[in-house]
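Observations on chain architecture
The chain contents come next:
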Amino acid sequence: MTITIKELTNHSYIDHELSATLDSTEAFEGPEKLLEIWFYPDPCAIPDSEKTLRSIPVQTWTDILKLVKCEVLSIKSTKCIDAFLLSESSLFVYDHKLTLKTCGTTTTLFCLEELFKQIKEQLNWNCEINGKFEPYKVFYSRRSFMFPSKQRSIHKNWNDEVDYLNKFFTNGKSYTVGRSDQGTHWNLYVTDTNAKLAEQLVECHETNNYEYVCDETVEILMTGLNHKCADQFVCNREVKSATSSIDEKDNDADDEGHLLGYNMTKKTSLDKIYHESKQGSLHHDAFAFSPCGYSSNMIIDEKYYYTLHVTPEKGWSYASFESNIPVNAVSNNKQDNVDVLQKILNVFKPSEFCLTFFCKDIENSRSFQRLTNAIDIGPNYSKIDKIVYDLDDYQLLYLRFEMKDSSKNI
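The following refers to the structure shown. None of the values given here were measured: they were computed from a predicted structure.

About the cut-offs
- Residues numbered from 1 in each chain as written.
- Predicted model: local features only at pLDDT ≥ 70, side-chain atom pairs only at ≥ 80, totals over all residues.
- Heavy atoms only, no water.
- Helix = DSSP H or I, 4+ residues; strand = E, 2+ residues; numbered from the N terminus.
- Buried < 20%, exposed > 50% of the residue type's maximum accessible area, 1.4 Å probe, protein only.
- Contact = heavy atoms within 4.5 Å.
- Areas by Shrake-Rupley, 256 points an atom, 1.4 Å probe, with all protein chains shown as cover.
- Core = buried A, V, L, I, M, F, W, Y, C linked by side-chain atoms within 4.5 Å.
- Axes fitted to C-alpha atoms, helices over the stretch in contact; angles between N-to-C directions.
- Parallel < 35°, antiparallel > 145°, perpendicular 65-115°, else oblique.
- Left-handed = near helix turned anticlockwise from the far one by under 90°.
- Nonpolar A, V, L, I, M, F, W, Y, C, P; charged D, E, K, R; others polar.
- Pairing = 2+ DSSP bridges.
- Salt bridge = Lys/Arg side-chain N within 4 Å of Asp/Glu carboxyl O.
- Polar contact = N/O pair within 3.5 Å; in protein donor to acceptor, adjacent residues only side chain to side chain.

So, about the overall build of the chain. For the chain, the helix and strand inventory stands at 11 helices and 19 strands. Within the span of the chain, comprising 410 residues, buried residues form 58% of the whole. In the chain, the share of contacts with a sequence separation of at least 24, taken over all contacts with a separation of at least 6, comes to 72%. A total of about 17700 Å² of accessible surface is found on the chain, and carbon and sulfur atoms cover 46% of it.

Shown next, in the form of structure tokens:
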């Protein structure tokens with residue numbers, strides 16, 4: 001059977017030259033820097049609905065990402081979201097918000113000045129007050145680095161990152177969560193919610209008979225991957241797929257990175273983390289790096305995403321999973337994030353991991369209650385930390401687990 005890469009992935013954009021030349025042979029910093037900016041609380045709150053973040057040209061995003069020291073591999077688009085697969089992780093662009101997640105030695109925060117400049121010039125959005133910006137909400141977080149001395153500029157030190165963020169935003173708060181003395185902690189910077197924009201959201205929902213869906217995000221950050229699990233993300237581009245051949249006439253035939261990424265996704269069942277959704281739609285975009293490493297973006301129901309990034313090398317192996325899927329709503333209450341966590345752990349079997357869970361309405365979140373009350377996640381792990389924060393209008397749950405017998409991963 002002949003299968004083309006277009007049939008497998010259906011991309012709206014691929015950089016073939018970049019995908020053919022990327023190399024991951026040197027020690028790599030897996031833990032990502034995660035920046036999320038909500039310019040407005042909802043698309044319906046945008047003043048001019050004909051101009052949104054998704055109106056910004058791809059070339060502009062490419063130029064902004066150059067400041068971060070990463071490039072665009074490919075893009076998947078639906079009616080609600082543009083999902084960029086990057087040379088170092090991912091970018092998700094909605095009409096009203098964006099999430100930028102970058103690993104390695106990227107300079108994530110150095111995009112801020114140009115980002116706000118372009119948004120003002122191209123969209124006429126101006127959230128600047130007295131020299132600082134007040135969008136609806138800003139989050140910036142990262143796990144402690146494995147190789148902090150290799151980072152560039154402000155990213156070598158959390159306090160320097162916070163000082164830099166405070167130059168742009170008002171009402172920012174900084175948190176160090178977990179055991180900083182053991183190098184397993186997690187850092188968070190978050191701004192207060194813009195009250196005026198929150199009022200607009202209420203009016204918008206009342207006008208449009210909005211069906212409420214709980215806003216929640218889960219992130220699982222894993223180290224010390226089981227070596228057999230990690231080996232699943234080591235590729236040989238010399239070996240063609242045993243089950244299919246590529247049509248040599250197809251323009252995308254030389255893009256083995258995406259084809260091998262697709263095969264890795266299928267082999268590990270990472271496209272089956274969630275039960276079948278209400279709409280049943282799944283768009284996936286994956287890439288296998290040479291000689292090892294893996295990144296993928298998945299879109300469910302046209303508007304929710306989950307993303308995975310894997311650095312499988314022994315000595316600094318790392319994998320991350322992040323999702324903004326409101327599991328209860330999407331799966332008709334047949335699943336929650338405890339089930340999602342167990343599926344992810346089964347793929348990677350890490351020696352240690354931390355989980356963060358943001359939720360805007362814990363009373364209606366079955367995941368928050370089950371995760372909070374969980375003592376052990378399966379027989380192989382012991383809970384080391386459980387911390388709960390009340391962050392303005394969000395609640396944050398932080399959990400850290402260690403494998404009871406980590407010698408199994410040696």
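Here the narrative resumes, following the displayed structure.
Right, let's get into the nonpolar core. Core analysis: the biggest nonpolar cluster contains 59 residues, and Phe39, Leu53, Trp61, Leu91, Leu112 and Phe169 have the highest contact counts within it. The biggest single contributor to this core is helix 4 (residues 112-123), with five residues. Ignoring sequence-local partners within four residues, the contact set of Leu112 consists of Leu35, Ile37, Tyr164, Leu165, Phe168 and Phe169.

Relative to each other, helix 3 (residues 58-68) and helix 4 sit at 160°, their axes nearing to 10 Å. By the angle between their directions, the pair helix 3 and helix 4 is classed as roughly antiparallel. Here helix 3 and helix 4 pass one another in a crossing that is right-handed. Listed contacts from helix 4 to Thr60, Trp61, Ile64 and Leu67 of helix 3 are Glu114, Leu115, Gln118 and Gln122. In terms of residue class, the contact of helix 3 with helix 4 is made up of four nonpolar, three polar and one charged.

What follows deals with the sheet that holds strand 16 (residues 318-323). Remark on secondary structure: sheet strands pair via backbone hydrogen bonds, oriented parallel or antiparallel. With antiparallel pairing, eight strands are arranged side by side in an open sheet as 13-14-15-16-12-17-19-18. A strand with exactly one partner marks an edge of an open sheet, and here the two such strands are strand 13 (282-288) and strand 18 (381-391). When strand polarity is set aside, the average angle formed by the axes of neighbouring strands in this sheet is 10°. Strand direction decides the pairing type here: strand 17 (residues 352-359) and strand 19 (residues 394-403), joined by eight bridges, are antiparallel. If you follow Cys359 over to strand 19, its bridge partner there is Gln395. On the sheet, helix 8 (residues 256-268) packs against strand 13 and strand 14 (294-300) and is oriented at approximately 115° with respect to strand 13.

Here we come to the pattern of salt bridges. On inspection of all chains with the given rule, the structure shows 16 salt bridges. Measuring nitrogen to oxygen at the nearest pair gives 3.4 Å for the salt bridge that ties Lys137 to Asp392. Of this pair, Lys137 sits in strand 9 (residues 137-143) while Asp392 sits in the loop between strand 18 and strand 19, and the two are 255 residues apart along the sequence. Exposure remark for Asp392: the relative accessible area of 45% places this residue in the partly exposed category. Residues joined in a network through salt bridges with shared partners are Arg143, Glu352, Asp385, Arg400 and Glu402.

What follows is about the side chain of Ser320. Structurally, Ser320 is set in strand 16. Within the structure, the side chain of Ser320 is placed 2.5 Å from the side chain of Glu32, a separation counted as a polar contact. Ignoring any residue separated from it by four or fewer positions in sequence, one finds Ser320 in contact with Glu32, Lys101, Ile220, Leu221, Met222, Thr307, Leu308 and His309.

Looking now at the environment of Thr176. With respect to the secondary-structure elements, Thr176 resides in strand 10 (residues 172-177). Residue Thr176 is classed as partly exposed on the basis of its relative accessible area of 40%. Taking C-alpha positions, Thr176 is 9.6 Å from Arg143, a pair spaced 33 residues apart along the chain. Those residues in contact with Thr176 that lie beyond four places of it in its chain are Trp158, His185, Trp186, Asn187 and Tyr389. At a separation of 3.3 Å, a polar atom in the side chain of Thr176 contacts the side chain of Asn187.

Looking at the element boundaries, Gln395 is found in strand 19. Of the polar contacts made by the side chain of Gln395, one reaches the side chain of Asp390; its length is 3.3 Å.

Turning next to the pairing of strand 17. A large share of strand 17 lies buried, amounting to eight of its eight residues. Both faces of strand 17 are covered, namely the face carrying Glu352, Cys354, Thr356 and Phe358 and the face carrying Phe353, Leu355, Phe357 and Cys359. Relative to strand 17, strand 12 (residues 216-223) is paired through eight bridges, and the arrangement is antiparallel. The residue of strand 17 that forms the bridge with Met222 is Phe353.

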